[in-house]
Amino acid sequence: MPEENRIPRLFHRLVDLPTIFLTSTVKKIITIPITLLLVASTAACSSDVTTDVPVPVLPTEPHETSTSDTMPDVTPWVFTDDWWREPRVWTVQPGSEWDNASVIDAFDFSEYEAVNVSVVSWFEGSQVVIDELHSRGIIVVGQDGMIWMYQPDRTDPDRFWDESAGIFNFAMDDPPELVEAALTDPYGNPIYAEMFGFSDGKKYLQYSVPHPVWQEYMTEHMKNLIDAGVDGYLIDELAYGTVFYPDFNPHMVQEFNRFLEREFEPVDLQVLLESVGVDDLASFDYSAVVRESLPTGMTALSMEDWKGDLPLFSLYSRFLALENYKAAAALIESGREYAAETAGKEIPFSANINTLSSPNAFLIIPLLDMIDLEFFYTDLVYFRNGRGIAPLKLTRFFDKPALMRTSVSAEPDLAKWGREGTVDLFGTMIADAVSSGGEFYVEGNIEQDVATLAPYYRFRTDHPNLFEDLEPLEPQVGVLLLWENVVADPFQISAYFGATSLLADCGVQFDAVFSAEEYLRWGELPMYPAPDFPLDIETLSNYPVVVIPEMNDLIESHAEILLEYVNYGGVVVTYIVDEFGFEFQHEDDPSATALLKMLRSGSENEAGGTVVRLNQNLARDYRDNPDPVIRQEWLKIMSKLGLSPEVRYDPGPMVAAQVYSADNQLVVHLVNYNWDINTLSTTPIREFDVEIVLPDNLDREGLTVSLHTPGEDAMELDVEESDAGIIVTIPELHIWSVISVATSS
């Protein structure tokens with residue numbers, strides 16, 4: 001590529017820059033009963049099994065529905081490729097007894113019709129139920145829950161019917177054939193689910209996900225659901241599996257020896273073994289090495305004791321992560337092949353990877369077709385310390401549709417606040433997800449005011465003109481998340497969350513850019529294996545400004561690309577956590593040294609490129625406390641760079657703006673995040689003035705500007721022209737409103 005064309009968009013706009021998830025259930029992990037959420041008229045299943053439970057009928061024919069649950073004529077579902085990329089309203093399978101009649105009766109089809117539900121996810125059941133759902137035009141996504149604990153296969157409910165007791169067996173005793181795959185600590189003690197708060201008082205074994213016996217069990221469960229007719233497959237916690245726990249299963253300990261032999265040169269391996277007092281690989285037993293390092297008299301290793309000061313901790317953790325990845329890849333590949341061979345269709349695979357804040361989550365993303373995000377609203381203090389925009393911008397970078405849901409940790413709060421107390425909160429959750437390009441549903445033992453929330457759930461499907469054929473507005477800013485900084489702040493990436501919220505609350509449009517590759521830190525590989533996402537100048541050239549929210553480290557290849565970007569006129573804005581430590585660590589890296597010199601001097605090169613030094617860690621500070629003062633400070637920095645937000649408004653209230661565009665339309669989503677945990681309500685903002693910068697491709701002649709709010713009629717807005725675009729006044733911004741700017745040209 002000629003040099004003059006390598007930065008096709010850089011700086012030409014510096015100054016004059018013009019499915020929704022619905023749920024009705026939660027599955028109590030370990031104990032089988034699932035409590036119905038949205039359908040208040042359905043009694044919750046009891047976890048206490050008694051012998052006076054009426055014997056359910058186990059039908060072999062499709063369930064005959066009553067008049068009350070019959071929907072109008074619908075077209076039966078026929079599998080289509082890429083169905084998961086289309087906007088849809090999703091729900092979670094409601095709880096019930098295990099027999100087919102009870103499972104089907106638990107679905108409130110009239111309620112599904114009210115909110116346009118077309119997908120049932122987290123499904124466990126038989127072909128009879130799937131056929132019934134398909135006949136109603138509903139897509140079914142099967143699931144394997146908590147992948148390191150045993151759960152009975154519900155595709156064959158007869159198998160778990162206890163004739164003598166007249167009940168389904170909810171005991172879920174671990175099958176003896178799985179015992180050899182159980183997790184153990186280095187003392188040989190089995191690890192139970194109760195250690196992690198999942199067991200409701202009963203001991204259930206945890207399993208080593210890469211173990212061949214456990215892989216065989218998971219594969220069989222998956223194939224059974226594919227045979228039953230599911231249209232997609234979701235695996236809960238696939239990114240983590242065995243990697244969070246001290247997995248000293250004998251199989252894994254033996255595999256570690258093979259890993260060392262495979263990965264190390266003989267001389268280096270000998271040095272490694274001698275560092276832990278072992279003469280040769282044949283006599284190396286990592287369990288024994290760990291036991292010897294622990295205090296005398298210790299007979300068990302807890303989660304708290306499994307930490308970095310143990311010998312070879314990072315190396316063994318890295319090994320476990322790689323083995324977990326291989327197991328995940330093999331499981332998904334076998335599922336794809338089996339579905340293609342037996343059902344003739346390519347079903348999508350998804351996994352729950354939480355808020356995409358764990359290094360292990362990034363590793364499996366290339367394996368997936370779509371991503372399920374269990375969002376920790378409680379940890380993020382209900383929008384104050386993080387929003388859906390953070391992970392959803394990343395999933396867009398990865399080109400993976402993403403689905404947000406509430407975490408189990410939010411269940412107590414939501415249940416306590418009840419239907420009336422959660423309307424504004426759920427409305428904000430839906431707005432947060434959908435305005436950021438994702439979908440939303442709820443998981444937990446929670447009831448919702450569905451009648452009031454229906455306009456939010458239906459907003460996308462009821463107003464396709466506000467969503468279809470629109471792409472995010474070409475942004476000025478790229479937020480760069482580098483692997484070496486993810487590893488430095490595992491499970492949080494706090495600064496990235498803060499930066500994305502800060503930019504959105506200032507009306508600044510941005511993309512997320514992610515880059516990762518293997519590197520050595522102080523001569524050693526980190527404990528987290530890196531996915532393969534190399535950084536290139538072509539990607540960075542799309543943005544006049546690149547923000548690195550927090551720089552803890554900078555590998556040589558990334559420093560080279562960033563220096564090239566700056567030399568072409570790019571502007572890097574960052575905060576270096578430990579400047580002198582950074583200088584010492586990278587003193588032999590000429591690119592990093594040059595960037596640091598430019599940062600300290602504040603000078604620009606001939607092309608106008610520079611590195612802007614933040615004296616305050618604004619991103620992390622905003623994550624901890626989203627104060628209007630920080631928003632004002634960021635706007636000042638942008639002004640000094642010659643940049644202006646695409647949407648401008650009073651920085652006082654916590655309002656985020658996200659802009660989407662087409663050839664003849666601009667759509668601005670405004671979300672009011674001022675939800676108050678004390679009043680359980682969102683305070684509306686009245687007479688809210690908004691200035692919208694119009695892109696060059698949108699003709700100002702014949703503009704039609706309208707306001708769209710869930711549950712309200714659309715209204716035209718009076719328009720005042722400004723130098724950059726237009727100014728409108730929104731009479732009231734409660735939770736979520738969308739401004740459509742359209743031209744007939």
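Residues numbered from 1 in each chain as written. Predicted model: local features only at pLDDT ≥ 70, side-chain atom pairs only at ≥ 80, totals over all residues. Heavy atoms only, no water.

**Q** Would you take a moment to explain the pattern of salt bridges for this structure?
**A** Any two side chains of opposite charge can pair, on the condition that their charged atoms come close. Counting across every chain of the model gives 22 salt bridges. One salt bridge in this structure joins Arg85 and Asp399, with 3.5 Å as the shortest N-O distance. On the criterion of sequence distance, the pair formed by Arg85 in the loop between strand E2 (34–36) and strand E3 (89–92) and Asp399 in the loop between helix H10 (389–397) and strand E11 (402–406) is long-range, its members being 314 residues apart. When salt bridges with common partners are traced through the structure, they connect Asp236, Asp372, Glu374 and Arg405 into a single cluster. (Salt bridge = Lys/Arg side-chain N within 4 Å of Asp/Glu carboxyl O. Helix = DSSP H or I, 4+ residues; strand = E, 2+ residues; numbered from the N terminus.)

**Q** Would you mind going over the sheet that holds strand E26 (residues 715–716) with me for this structure?
**A** As summarised here, the arrangement of the six strands in space is E13-E20-E21-E29-E25-E26, forming an open sheet in which the pairing is antiparallel. Edge positions in the open sheet fall to strand E13 (471–472) and E26, since each of these has one partner strand only. The sheet contact formed by strand E25 (residues 703–708) and strand E29 (residues 736–743) spans six bridges and is antiparallel. Bridging across to E29, Thr704 finds its partner in Ala742. (Pairing = 2+ DSSP bridges.)

**Q** It is not clear to me how the sheet that holds strand E4 (residues 117–123) should be interpreted in this structure. Could you clarify?
**A** Backbone-to-backbone hydrogen bonds pair the strands of a sheet. The strands run either parallel or antiparallel. Taking strand neighbours across the sheet as the criterion, the eight strands line up as E3-E4-E5-E8-E9-E10-E11-E12 in an open arrangement whose pairing is parallel. Across the chains shown, the open sheet's two edge strands, defined by having one partner strand only, are E3 and strand E12 (439–441). Neighbour to neighbour, the strand axes of the sheet diverge by 25° on average, direction disregarded. Sitting on the sheet, helix H3 (residues 127–135) is in contact with E4 and strand E5 (139–144), with an inclination near 165° to E4. Strands E4, E5, strand E8 (232–236) and strand E9 (349–352) of the sheet are contacted by helix H4 (residues 212–228), whose axis makes an angle of about 165° with E5. (Axes fitted to C-alpha atoms, helices over the stretch in contact; angles between N-to-C directions. Contact = heavy atoms within 4.5 Å.)

**Q** What exactly am I supposed to notice about the packing of aromatic side chains here?
**A** Remark: the centre distance and the inter-plane angle together describe each pair of aromatic rings, the angle taken between the planes. In total, this model carries 41 aromatic pairs according to the counting rule given. With 6.3 Å between their ring centres and 85° between their planes, Trp483 and Phe514 make a pair best called edge-to-face. One end of the pair, Trp483, is in helix H15 (residues 483–488); the other, Phe514, is in strand E15 (residues 510–515), with 31 residues separating them in the sequence. Neither Trp483 nor Phe514 differs from the other in exposure class; each is buried. (Phe/Tyr/Trp six-rings, centres within 6.5 Å; stacked < 30°, edge-to-face > 60°. Buried < 20%, exposed > 50% of the residue type's maximum accessible area, 1.4 Å probe, protein only.)

**Q** How do you make sense of helix H16 (residues 494–505) when you look at a structure like this?
**A** Each α-helix turn comprises 3.6 residues. Residues three or four places apart therefore point the same way. Taking 1.5 Å as the rise per residue, H16 with twelve residues should run 16 Å; its terminal C-alpha atoms sit 17 Å apart, in good agreement. The buried count for H16 comes to twelve of twelve residues, which makes it a mostly enclosed element. Of all the positions in H16, only Ser494, Ala495, Tyr496, Phe497, Gly498, Ala499, Thr500, Ser501, Leu502, Leu503, Ala504 and Asp505 are classed as buried. Phi turns positive, to about 80°, at Gly507, one or two residues after H16. (Expected span 1.5 Å × (residues − 1).)

**Q** It is not clear to me how the side chain of Asp185 should be interpreted in this structure. Could you clarify?
**A** Relative to the helices and strands, Asp185 resides in the loop between strand E7 (167–168) and H4. As a buried residue without a salt bridge, Asp185 has its nearest oppositely charged side chain in Arg291, at a separation of 7.5 Å. Setting aside chain neighbours within four positions, we find Asp185 in contact with Ile191, Pro246, Phe248, Thr299, Ala300 and Leu301. (Lys, Arg positive; Asp, Glu negative; His and termini not counted.)

**Q** What am I meant to see in the pairing of strand E28 (residues 725–733) here?
**A** Note on strand geometry: in a regular strand, side chains alternate between the two faces of the sheet. In terms of strand pairing, strand E24 (residues 685–693) meets E28 through eight bridges, oriented antiparallel. The residue of E28 that forms the bridge with Glu691 is Ile727. Note: strand E27 (residues 720–721) against E28, two bridges, orientation antiparallel. In the strand pairing of E28, Glu721 is matched with Ile726. Hairpin connection between E27 and E28: a loop of three residues separates the two successive antiparallel strands.

**Q** What should I look at first to understand the packing of helix H11 (residues 411–421) against helix H12 (residues 423–435) in this one?
**A** For any two helices packed against each other, the geometry is given by the interaxial angle and the distance between the axes. Relative orientation of the contacting elements H11 and H12 amounts to 95°, with a least axis distance of 7 Å. Here H11 lies roughly perpendicular to H12, going by the angle between them. Along its contact with H11, which presents Leu414, Trp417, Arg419, Glu420 and Gly421, the element H12 presents Val423, Leu425 and Phe426. Of the residues contributing to the contact of H11 with H12, the split by class is five nonpolar, one polar and two charged. (Parallel < 35°, antiparallel > 145°, perpendicular 65-115°, else oblique. Nonpolar A, V, L, I, M, F, W, Y, C, P; charged D, E, K, R; others polar.)

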